Amino acid sequence: MPRTLETLTLADAKQMLEAGEAKAASLGIPYNIAVVDAGGALIAFTRQDGALAGSIDLAIGKAKTARMFDKTTDYLAELAQPGAPLFGIEQSNGGNVVIFGGGLPVKVDDQIVGAVGTSAGSVEEDIAVAEAAAAAIRRSTAAP
């Protein structure tokens, strides 16, 4: 029997980027924001004028990490501390795991359809921008 996999579309990703950019503007910080699909492939990315170049790969890595493990990157960071159950996880997957807060899976109707990653501010600010981006797609798919 064929299976179907719901995933974010380019239109969804554009909505998410717009919402994330608006949140970043409210914080006064230029941001890097990445959106990946259900398979973890990059759909869309934005680098606001003046955003840190070093945060480009971090934003993309956070989005991919959130989708690979279907967990927020700040939660993975907690689990990766010395003595915690996932200590060393950032070395897995060829070292391409980013466990700073700011990456989170995106769900529609309790199904993960992709993820978003943000980077440029503090961990708390990165989380706030990612949450704003994810909320845009949840709002756009909500029942009337």
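For the protein, an unreviewed UniProt entry supplies the name PduO protein and the organism Reyranella soli.

Engineer: Looking at this model, I keep getting lost on the sheet that holds strand β4 (residues 111-119). Mind explaining?
Structural biologist: Strand pairing in a sheet relies on backbone hydrogen bonds. The paired strands run either parallel or antiparallel. Taken together, 4 strands build an open sheet; the order of strands is β2-β1-β4-β3 and the sheet is antiparallel. Each of the sheet's edge strands pairs with one partner strand only, and the pair in question is β2 (42-47) and β3 (103-108). Sheet twist, expressed as the average angle between the axes of neighbouring strands with direction ignored, equals 20°. In this structure, strand β1 (residues 32-37) lies alongside β2, joined through 5 bridges in antiparallel fashion. Counted as the bridge partner of Val36 is Leu42 from β2. The strands touched by helix α1 (residues 10-27) are β1, β2, β3 and β4; relative to β2, the strand with the most contacts, the crossing angle is about 25°. Along the sheet face, helix α2 (residues 56-69) touches β1, β2, β3 and β4 and points at about 155° away from the line of β4.

Definitions and limits used
- Residues numbered from 1 in each chain as written.
- Predicted model: local features only at pLDDT ≥ 70, side-chain atom pairs only at ≥ 80, totals over all residues.
- Heavy atoms only, no water.
- Pairing = 2+ DSSP bridges.
- Helix = DSSP H or I, 4+ residues; strand = E, 2+ residues; numbered from the N terminus.
- Axes fitted to C-alpha atoms, helices over the stretch in contact; angles between N-to-C directions.
- Contact = heavy atoms within 4.5 Å.

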